[in-house]
Amino acid sequence: MPSPVQTTFSTLRQHRVDTALTALLILQGVTLFAVIPFGARSTGGRILLDLCHFLFAAISVAALTRHRVVQGVVIAALALLAMGPSVSQRLGADLHLDVAAQHELVALIAFAFNAAITALIARHVFSSARVTVHRVRGAILLYLNVAALFGIACTALQQLVPDAFHIVIQPGEAPTAAFTYFSLTTITTVGFGDITPLHPLARSLATLEAVFGQLFPATLLARLVALHLAHEQQLPKQAIDGGANQS
């Protein structure tokens, strides 16, 4: 049986994790819906995007894992992401890579970074601990992270195969912003049709994301919400039973 000190420490750690999931959800929402669409048009916006990535990784490392190896992997991925342009240019000069290949390298680094963070979040969202409202928010965060991963994958595919998508980039718009928009409309199955997958792999990515976008809220997220509501309903009953036993 755990001691009171161990119980208190475990409770405090769980509270820290829950708070971190909520903070990450807010930060990811700001990044996807404001910083990426509007920030890529200016140098200040790109700096703000880098800052969002740094905060995202810092919160994840500080609150979501105590394993040194996992922390090291996330920090290394963040460092590579921050140095992505300079690293890709240096490797491009050494390996005689063209500009497109350099962009693909940056996309690969960004994908690895987001995948590492998503794995950390999924580990806590689907843990055996009690389902709280913060874990439900973490599940929503996981949903948005998957959309971000698909957006990066589509961006890389378009750079690798220029005709993979039918897309018109607006003046000053970054491909990352366009494919983040495409990913969000695909995962929610809105599908406005202004960006169309043409290559078989692009179509496979779009259909896979659409299936995930339908199944995740209807099954996993709905189950977490149901477990949370069931626990909230049990609390008054336990309080009544405890008062009756004391009397």
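Structure: above.
Basis of the calculations
- Residues numbered from 1 in each chain as written.
- Predicted model: local features only at pLDDT ≥ 70, side-chain atom pairs only at ≥ 80, totals over all residues.
- Heavy atoms only, no water.
- Core = buried A, V, L, I, M, F, W, Y, C linked by side-chain atoms within 4.5 Å.
- Buried < 20%, exposed > 50% of the residue type's maximum accessible area, 1.4 Å probe, protein only.
- Helix = DSSP H or I, 4+ residues; strand = E, 2+ residues; numbered from the N terminus.
- Phe/Tyr/Trp six-rings, centres within 6.5 Å; stacked < 30°, edge-to-face > 60°.
- Expected span 1.5 Å × (residues − 1).

A.B. asks: Just give me the short version of the nonpolar core, but keep the residues and values in it.
C.D. replies: Most often, soluble globular proteins have nonpolar side chains that are buried together. Core analysis: the largest hydrophobic core is formed by 49 residues, its most contacted members being Phe-56, Leu-64, Ile-121, Phe-165, Phe-179 and Phe-182. When residues of this core are traced back to their parent elements, those giving at least two are helix H1 (4-39), helix H2 (43-63), helix H5 (99-125), helix H6 (133-160), helix H7 (175-187) and helix H8 (200-246). Looking at this core, the element that brings in the most residues is H6, giving 13 residues.

A.B. asks: Requested: an account of the packing of aromatic side chains, with residues and values cited.
C.D. replies: Per the stated rule, a full pass over the model turns up seven aromatic pairs. Relative to Phe-212, the ring of Tyr-143 has its centre 6.3 Å away and its plane inclined at 20°; by these criteria the two rings are stacked. With Tyr-143 in helix H6 and Phe-212 in helix H8, this pair connects stretches of sequence that are 69 residues apart. Since its relative accessible area comes to 15%, Tyr-143 is described here as buried. Measuring from centroid to centroid gives 5.0 Å for Phe-165 and Phe-179, while their planes differ by 65°, and the two rings are edge-to-face. Here Phe-165 is found in strand E1 (residues 165-166), whereas its partner Phe-179 is found in helix H7, with 14 residues between them in sequence. Accessibility assignment for this pair places Phe-165 and Phe-179 in one class, buried.

A.B. asks: Give a detailed account of H6, specifying residues and quantitative values.
C.D. replies: Here H6 contains 28 residues, and its C-alpha end-to-end distance of 41 Å stays within 8% of the 40 Å for a straight helix at 1.5 Å per residue. Most of H6 sits out of view: 21 of its 28 residues are buried.

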